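# Coordinates in review
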Amino acid sequence: MRPSVLVIGATARLAEAGVPSPRNDAEVLLAHVLGVDRGRLVIADVDAAQAGEYEALVARRADREPLQHILGRAPFGPLDLRVGPGVFVPRPETELLAVWAARQVGRGAAIVDLCAGSGALGLYLAATVPAARVALVERDPHALGYLNDNAAGLAGRVTVLDRDVTAVGLDAEIEAALGGTVDLVVCNPPYVPDGAPLDVEAALDPAAALFSGPDGLDLIRSLAPLCTRLLRTGGAVAIEHDDSNGAAAAELLAAAGFRDVEQHRDLAGRPRYVTGRMDA
């Protein structure tokens, strides 16, 4: 059976179901079934059993089950993260924050990922910053299962802390884990305003990983002072936020004592994350 015929039919079905990227998802699912790179679909063969498996996966995606849940994986920079129900699925736009963060530190940097979820940000930095020491802080038991699995390949360079980011004494625990003060803090916290509309797939992420008070800033208000306690003078912070809150998130960092506070946009031009440096 020709892959192109299957992909054309699946693309039409996914488009009718309102899937935002029907052709991409149709091809990715077929490559997954065949166990080949997507670029090799043009020379692949599909037998009847594989076609049936593909049909079942397309049906799941047409029901708007997230593609990453179906695959059980999510790419993030050089990483292939295990994800699924119970953990926030990392988005491509967050890679911009990760790239910015990696450029702020050098070899052996001490890095903290708050609200780590699957570990996307912290593990990206552990994989790309030479000899980095990374502490990943997460409290949700479901997310911790995915985080520990994803961190297993970087044992010795990363430490997973099963802690609430608002817990008293967390800064001392992090410093003990990293052996001193911190060079960089990154965070993709819950930041969606309560009651804000979500697309079908995003609504399947855990509510605790999405919402943070009426304006979406409740947790960032707590995180900004924590970051000032953690970071050495000149250390950097980067926090993702709702696209309605760029200016407000920047004000919170400035009020906490950060200098050189900047707002950053994603590739679609939407406010995406805010950065700053610890003042003396």
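Model, not experiment: these values are computed from the prediction.

With that settled, consider the pairing of strand 7 (residues 231–240). Burial of strand 7 is extensive: 8 of the 10 residues sit out of reach of the surface. As defined by bridge partners, strand 6 (residues 182–187) adjoins strand 7 across 5 bridges and the pair is classed as parallel. Of the residues in strand 7, the one forming a bridge with valine 185 is valine 237. For the handedness criterion, the β-α-β arrangement of strand 6, helix 9 (residues 218–230) and strand 7 is classed as right-handed.

As a further point, take the packing of helix 2 (residues 22–34) against helix 3 (residues 48–62). Where helix 2 contacts helix 3, the axes come no closer than 10 Å and their chain directions differ by 140 degrees. Regarding the angle of helix 2 to helix 3, the classification is oblique. Our pair here, helix 2 against helix 3, has a crossing hand that is right-handed. Across the interface between the two elements, Asp25, Ala26, Leu29, Leu30, His32, Val33 and Leu34 from helix 2 touch Gln50, Glu53, Tyr54, Leu57, Val58 and Arg61 from helix 3. For the contact of helix 2 with helix 3, a count of residues per class yields 8 nonpolar, 2 polar and 3 charged.

Position of arginine 64 among the secondary structure elements: in the loop between helix 3 and helix 4 (67–71). At 3.3 Å, the side chain of arginine 64 forms a polar contact with the backbone oxygen of glycine 18.

We now examine the UniProt feature "domain: Methyltransferase small" (unreviewed entry) in the protein. Per the UniProt record, the feature "domain: Methyltransferase small" (unreviewed entry) sits at residues 107–194. Secondary structure across residues 107–194 divides into 33% helix and 25% strand, with the first and last C-alpha atoms of the span separated by 40 Å.

Of note, arginine 259 is situated in strand 8 (residues 258–265). With a relative accessible area of 31%, arginine 259 lands in the partly exposed category. As for arginine 259 and glycine 276, which are separated by 17 residues in sequence, their C-alpha atoms are 5.7 Å apart. Residues in contact with arginine 259, not counting those within four places in the same chain, are Gly234, Gly276, Arg277, Met278 and Asp279. In terms of polar contacts, arginine 259 uses its side chain to reach the side chain of aspartate 260, at 2.6 Å.

Here the focus is the pattern of salt bridges. Side chains that carry opposite charge are capable of pairing whenever their charged atoms lie near each other. Following the criterion strictly, the structure yields 21 salt bridges and no others. Put simply, aspartate 25 and arginine 61 hold a salt bridge, and the shortest N to O gap is 2.8 Å. Of the two residues, aspartate 25 is situated in helix 2 and arginine 61 in helix 3; the sequence distance between them amounts to 36 residues. Each member of the salt-bridge network shares a partner with another, and the members are Asp25, Arg61, Arg64 and Glu201.

On to helix 1 (residues 3–16). Compared with an ideal rise of 1.5 Å per residue, which puts 14 residues at 20 Å, helix 1 spans 20 Å between its outermost C-alpha atoms and is within 8% of the ideal. Every buried residue of helix 1 is accounted for by Pro3, Leu6, Val7, Ala10, Thr11 and Leu14. Within helix 1, the buried residues cover an arc of 130 degrees as seen down the axis, which keeps them to one side. More than 90 degrees from the buried face of helix 1, the exposed residues found are Ile8 and Glu16. The inward-facing, buried residues of helix 1 contact helix 2 and helix 3. Glycine 18 occupies a position one or two residues after helix 1 and carries a positive phi of about 90 degrees.

Calculation notes
- Residues numbered from 1 in each chain as written.
- Predicted model: local features only at pLDDT ≥ 70, side-chain atom pairs only at ≥ 80, totals over all residues.
- Heavy atoms only, no water.
- Buried < 20%, exposed > 50% of the residue type's maximum accessible area, 1.4 Å probe, protein only.
- Helix = DSSP H or I, 4+ residues; strand = E, 2+ residues; numbered from the N terminus.
- Pairing = 2+ DSSP bridges.
- Right-handed = clockwise from strand over helix to strand, strands pointing away.
- Axes fitted to C-alpha atoms, helices over the stretch in contact; angles between N-to-C directions.
- Parallel < 35°, antiparallel > 145°, perpendicular 65-115°, else oblique.
- Left-handed = near helix turned anticlockwise from the far one by under 90°.
- Contact = heavy atoms within 4.5 Å.
- Nonpolar A, V, L, I, M, F, W, Y, C, P; charged D, E, K, R; others polar.
- Polar contact = N/O pair within 3.5 Å; in protein donor to acceptor, adjacent residues only side chain to side chain.
- UniProt positions renumbered as here; feature names shortened; annotations may be inferred.
- Salt bridge = Lys/Arg side-chain N within 4 Å of Asp/Glu carboxyl O.
- Expected span 1.5 Å × (residues − 1).
- Arc of directions from axis to C-beta.

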